[in-house]
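For reference, the chains in residue letters:
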Amino acid sequence: MSEADDIRFGMVGHGHISERFLAAIEVVEGAGVGAVAGRDRGRASAFARARGIAAAYGSVGEMLSAEQLDAVYVCSPHPSHAEAAVACIKAGVAVLVEKPMAPTLAGASRIAAAAHDAGVFAMEAMWTRFLPVYETVRRWIHEGRIGEVRQVAASFGFAAPVMAEHRLFNPSLAGGSLLDVGVYPLTIAHWLYGSHPLEYGVVARVGDTGVDEITSIAASYPGGGLAQLSSAIVADLDRSAKIYGTAGSIEIPAFYAADRAILRTGGEEETEHVPHRANGFEYEIQEVVDCLRRGRTESERMPLSTSLETAGLCDEIRGKIGVLYPFEESTGES
């Protein structure tokens, strides 16, 4: 595949998150969306017509049989990620799978194994890891501007009305704060320390529907770094991340979607602002495009091993707080 080749994406799912993807791909040169698949052909067709997408289908299989696609963005409900992604991979089509890659380690492992066996590109759509402002944050840290890093504190929470059938509160749809927004604090800690915790403690409020509504984690990492990480779907939490060192600190407002970082050291403050070209999703899309053009089957910046580590950690955390999804019980998935 040459630099001049266009990358033609399909989409599996057409919920709210798909709108962000469509807006972002507009600014990625040589990439576009040519087809969408959903569980209901009529709804998928209406979505496609309204957004100028050429074709719509009632299933992943139909789309793969009818279309010549380079990649598929999987943004269907969490429990269906693995089935859709593996179908694409087996058809030789690369996948960008919305976070979480799957609600369990078993599901994420299915995707990773299929991609490895087929030699097909697969990546979790953890867009935060590709935001340009993090390059500045990394440089500040490597230059020793805040001394030795000692702690990161990150939280992401919002107050949603409790509705048992809504995806946020429905255990059959892998609801709860951990998988919806808790993966972001876990991700920045992993990005900062380069590993998962050596040890951690977790407390949570599990609601009447059986999903975690608020989760808080205190963790230690190799090298002595600490983390305080929180997520919520029933409370407005501060959505910033703060990295504390022996000589200063770095604040990243709205860290999951960041375009700004603030360095505070020696009584002075320095701000770096890197505006998004669209909404921030464009950088993960660009990574997929670049990897496909270079013939890569995995991203060095978001390798499958990192996705599997996060999925395993989330399984562990859910085990500690007593959250089990119905499909785990019925299929033996773990």
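In case you missed it, the structure is sitting above this.
Residues numbered from 1 in each chain as written. Predicted model: local features only at pLDDT ≥ 70, side-chain atom pairs only at ≥ 80, totals over all residues. Heavy atoms only, no water.

(A) Molecular detail of the overall build of the protein chain. Looking only at helices and strands, the protein chain has 10 helices and 15 strands in total. Relative to the 2.2 N^0.38 estimate, which gives 20 Å for 334 residues, the radius of gyration of the protein chain is 20 Å and therefore close to what a compact globule would have. In terms of principal-axis extent, the alpha carbons of the protein chain reach across some 60 × 50 × 35 Å. Looking at the protein chain alone, contacts between residues at least 24 apart form 66% of all its contacts between residues at least 6 apart. As presented, the protein chain carries roughly 13900 Å² of accessible surface, and 48% of it is formed by carbon and sulfur atoms. (Helix = DSSP H or I, 4+ residues; strand = E, 2+ residues; numbered from the N terminus. Rg over C-alpha atoms; globule rule 2.2 N^0.38 Å. Contact = heavy atoms within 4.5 Å. Areas by Shrake-Rupley, 256 points an atom, 1.4 Å probe, with all protein chains shown as cover.)

(B) Seen up close, the packing of helix 5 (residues 105-118) against helix 9 (residues 304-321). Relative orientation of the contacting elements helix 5 and helix 9 amounts to 165°, with a least axis distance of 8 Å. Classified by the interaxial angle, the pair formed by helix 5 and helix 9 is roughly antiparallel. For the pair helix 5 and helix 9, the sense of crossing is left-handed. Residues Leu105, Ala108, Ser109, Ala112 and Ala115 of helix 5 form the contact with helix 9, whose own contacting residues are Leu304, Leu308, Ala311, Gly312 and Asp315. Considered class by class, the residues forming the contact of helix 5 with helix 9 number 7 nonpolar, 2 polar and 1 charged. (Axes fitted to C-alpha atoms, helices over the stretch in contact; angles between N-to-C directions. Parallel < 35°, antiparallel > 145°, perpendicular 65-115°, else oblique. Left-handed = near helix turned anticlockwise from the far one by under 90°. Nonpolar A, V, L, I, M, F, W, Y, C, P; charged D, E, K, R; others polar.)

(C) View of the packing of aromatic side chains. Under the definition given, this model contains 10 aromatic pairs. The interplanar angle of 75° and the centroid separation of 5.1 Å between the aromatic rings of Tyr134 and Trp191 together place this pair among those described as edge-to-face. Here Tyr134 is found in helix 6 (residues 133-142), whereas its partner Trp191 is found in helix 7 (residues 177-193), with 57 residues between them in sequence. Note on Tyr134: relative accessible area 3%, which makes it buried. Looking at Trp191, the relative accessible area reads 11%, which means it is buried. Put simply, the rings of Phe156, Tyr184, Phe255 and Tyr256 pair up and form one aromatic cluster. Lying over the aromatic face of Tyr200, Lys320 brings its terminal NZ or CZ to 5.2 Å of the ring centre. (Phe/Tyr/Trp six-rings, centres within 6.5 Å; stacked < 30°, edge-to-face > 60°. Buried < 20%, exposed > 50% of the residue type's maximum accessible area, 1.4 Å probe, protein only. Lys NZ or Arg CZ within 6 Å of the ring centre and 35° of its normal.)

(D) Structural view of unusual backbone geometry. Between Lys99 and Pro100 the backbone carries a cis peptide bond, its omega angle lying at -10°. For Pro100, the location among the structural elements is in the loop between strand 5 (94-98) and helix 5. The residue Ala174 is not glycine, and still its phi comes out positive at about 60°. Tracing the backbone shows Ala174 in the loop between strand 7 (149-159) and helix 7. A positive phi angle, near 40°, is found at Ala254, a position not held by glycine. Note that Ala254 resides in the loop between strand 13 (248-252) and strand 14 (260-265). On the basis of relative accessibility, which here comes to 33%, the residue Ala254 falls in the partly exposed class.

(E) A look at the pattern of salt bridges. Inspection of every chain in the model, using the stated rule, returns 14 salt bridges. In this structure, the salt-bridge partner of Glu213 is Arg205, at a minimum N-O distance of 2.8 Å. For Glu213, a relative accessible area of 5% puts it in the buried group. Note that Arg264 and Glu269 form a salt bridge whose closest N and O atoms lie 2.9 Å from each other. Taken together, the shared-partner salt bridges connect Arg139, Glu143, Arg145 and Glu270 into one network. (Salt bridge = Lys/Arg side-chain N within 4 Å of Asp/Glu carboxyl O.)

(F) The arrangement of helix 8 (residues 282-293) in detail. Taking 1.5 Å of rise per residue, the 12 residues of helix 8 would be expected to cover 16 Å, and the 16 Å separating its terminal C-alpha atoms lies within 8% of that figure. Counting buried positions over the 12 residues of helix 8 gives 10, a clear majority of the element. For helix 8, the set of buried residues is Glu282, Tyr283, Glu284, Ile285, Glu287, Val288, Val289, Cys291, Leu292 and Arg293. On the buried face of helix 8, the contacting elements are strand 1 (7-12), helix 1 (16-25), strand 2 (31-37), strand 4 (71-74), strand 5 and strand 6 (122-125). With its phi angle positive at about 75°, Gly295 sits one or two positions after the end of helix 8. (Expected span 1.5 Å × (residues − 1).)

(G) How the structure looks around the sheet that holds strand 3 (residues 55-57). A sheet is described by the order of its strands in space; here 6 strands give the open sequence 3-2-1-4-5-6, paired in parallel fashion. The open sheet has two free edges, formed respectively by strand 3 and strand 6, since each of these has just one partner strand. Strand-to-strand twist in this sheet, taken as the mean axis angle between neighbours without regard to direction, amounts to 25°. Strand contacts of helix 4 (residues 81-90): strand 1, strand 4, strand 5 and strand 6, with the helix running at about 165° to strand 5, the strand carrying the most contacts. (Pairing = 2+ DSSP bridges.)

(H) Here's a closer look at the environment of Ile53. Mapped onto the elements of the fold, Ile53 is located in the loop between helix 2 (41-51) and strand 3. In sequence terms Ile53 and Ala235 are 182 residues apart; their C-alpha atoms lie 37 Å from each other. With residues up to four places along the chain from it excluded, the contact list for Ile53 reads Leu22, Val33, Gly34, Ala35, Val36, Phe47 and Ala48.

(I) Inspection of the pairing of strand 5 at higher detail. Most of strand 5 sits out of view: 5 of its 5 residues are buried. Here strand 5 shows no split at all, with Ala94, Leu96 and Glu98 on one side and Val95 and Val97 on the other all buried. Here strand 4 runs beside strand 5; their pairing, made up of 4 bridges, is parallel. Residue pairing for strand 5: Val72 is matched across the bridge by Val95. In this sheet, strand 6 lies alongside strand 5 in parallel orientation, the contact comprising 4 bridges. Note on strand 6: the bridge partner recorded for Glu98 is Ala125. Remark: the strand 5/helix 5/strand 6 crossover connection has right-handed handedness. (Right-handed = clockwise from strand over helix to strand, strands pointing away.)

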